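Secondary and tertiary structure notes
These are the residues of each chain, in order.
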Amino acid sequence: MLIDSFGRLHTYLRISLTERCNLRCQYCMPAEGVELTSKDHLLSTEEIIRLSSLFVGSGVDKIRLTGGEPTIRKDIEEICLQLSNLKGLKTLAITTNGIVLAKKLPKLKESGLTSINISLDTLVPAKFEFMTRRKGLEKVMESIDAAIQLGYNPVKVNCVVMRGLNDDEICDFVELTREKPINVRFIEFMPFDGNVWNVKKLVPYAEMLDKVMQRFGGVKRLKDHHTDTAKNFMIDGHCGTVSFITSMTEHFCSGCNRLRLLADGNFKVCLFGPSEVSLRDPLRSGVDDDGLKEIIGAAVKRKKAAHAGMFDLAKTTNRPMIHIGG
Ligand SMILES: Nc1nc2c(ncn2[C@@H]2O[C@H](COP(=O)(O)OP(=O)(O)OP(=O)(O)O)[C@@H](O)[C@H]2O)c(=O)[nH]1
Ligand SMILES: C[S@@+](CC[C@H](N)C(=O)[O-])C[C@H]1O[C@@H](n2cnc3c(N)ncnc32)[C@H](O)[C@@H]1O
Ligand code: SF4
Ligand code: SF4
């Protein structure tokens, strides 16, 4: 059910727990906000667990909770507890903006959360407020430290780089890896509906790497796993590592193992693929596990070999990123 027509096995499910967020990042959503799905059309906790159980039973061993902002879902601890009890699940991860993570983290850890990625695009408070349209840099830094203190290693820090906004901070972020056991990941800016993407705002991987190599000695490429989204590097004398997520200039679709379940129950086989199929509707009309597996399997078989390339993607209708969850 989870092998596509190019032989890629899908073992990683990203679940969006909510379309809401306590930030308003410019690269993720339009200033005026996005249309929200009504509550009765969102997946309930029970439905999320039922579908997750089906995926895990079919070979998924890693689930990532995302959103919107997953930590603002009221029952996130309960969701983690139930997911972590699914037999066969090895990794239960979260991608979060870190605004309210620090205080929730001990309970989340007890509930089985194994891995944490925190998004942070700038170390300058005024720029944070400009990029996210909200305040909160200190809280994010607190959450990064709280995650380190609780033993998460590495804590991954996701940094979307945009020309003229935060590309002057690349080396400051790398500097953080000298003492902190974090993996800083520089992400190429990707086009989604409502984020006013323009190739001029994209800082290509080659340019970012060049900046790092010019400033730091002893930068060495690490061996990546074939399903990695990131190209990984170590730097002599640094306890953390540095990576690049090169979706636009060097995509990594040939190793793709990722599937997506959105908050409204739609199933998406590719981040950039506009086609979606509802799992919520058949679930609610009483379709059994075999029927759901058939729907999922057919969608996986329709998955394309790779995304269409950044210029075509910029012209294709997709959802805003906040609805998809990365
Ligand atoms: N093109 C593309 N980008 C992705 C994919 N999965 C994640 N990303 C992007 O990579 C960045 C980091 O995503 P995360 O949510 O941290 O997930 P991840 O990279 O799978 O994290 P790890 O499991 O820790 O490697 C975000 O900008 C995502 O949108 C994917 O399948 N395709
Ligand atoms: C959509 S967010 C959802 C989870 C959580 N709210 C957060 O920000 O970490 C998931 C990831 O997608 C990244 N992202 C959002 N829009 C992006 C874009 N246009 N290009 C590249 N990455 C993007 C974010 O930086 C974040 O790391
Ligand atoms: S990137 Fe995350 S924190 Fe920022 S608006 Fe999107 S969902 Fe919210
Ligand atoms: S763009 Fe689509 S096929 Fe390529 S890695 Fe991302 S989800 Fe997989």
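Every chain is numbered on its own, with residues counted from 1 as its sequence reads. Here every chain gets a letter starting at A, and every ligand a number starting at 1, in the order they are written. Local features in this predicted model are restricted to residues of pLDDT 70 or higher, and side-chain atom pairs are both shown and tallied only at a pLDDT of 80 or more, whereas totals for entire chains, interfaces and linings draw on every residue. The basis for every side-chain value is the complete set of heavy atoms in the structure, and neither hydrogens nor water enter the calculation.

As annotated in an unreviewed UniProt entry, the protein chain carries the name Molybdenum cofactor biosynthesis protein 1 and is attributed to Acorus calamus. UniProt positions are given in the numbering used here, feature names are shortened, and annotations may be inferred rather than shown by experiment. One UniProt comment on the protein chain, placed under Pathway (unreviewed entry), says "Cofactor biosynthesis; molybdopterin biosynthesis." The heading Cofactor (unreviewed entry) in the UniProt record of the protein chain holds the text "[4Fe-4S] cluster".

What about the nonpolar core?
Working definition of a nonpolar core: buried Ala, Val, Leu, Ile, Met, Phe, Trp, Tyr and Cys residues. They are joined through side-chain atoms within 4.5 Å. Any residue under 20% of the maximum accessible area for its type is buried, any over 50% is exposed, and the rest in between are partly exposed; the area is computed with a 1.4 Å probe on protein chains only. Ranked by internal contacts, the top residues of the largest apolar core, which has 101 residues, are I63, L65, F186 and F267. Any two residues having at least one pair of non-hydrogen atoms within 4.5 Å are treated as being in contact. Discounting chain neighbours no more than four positions away, the residues touching I63 are L13, I15, S52, V56, L83, L89, T91, L92 and A93.

A few points about the pairing of strand β5 (residues 155-161)
Numbered from the N terminus, helices here are DSSP runs of H or I no shorter than four residues, and strands are runs of E no shorter than two. Burial within β5 is extensive, with six of its seven residues counted as buried. Strand pairing is assigned whenever DSSP detects at least two bridges linking the two strands. Of the pairings in the sheet, the one linking strand β4 (residues 115-119) to β5 comprises three bridges and is parallel in character. The partner of N117 across the bridge, within β5, is K156. Here β5 runs beside strand β6 (residues 182-188); their pairing, made up of seven bridges, is parallel. Across the sheet, V161 pairs through a bridge with E188, a residue of β6. Since β5 and β6 lie parallel, the crossover through helix α6 (residues 170-176) that links them has a hand, and here it is right-handed. Whether a crossover is right-handed depends on one test, that the path from the first strand over the helix to the second runs clockwise when the strands point away from the viewer.

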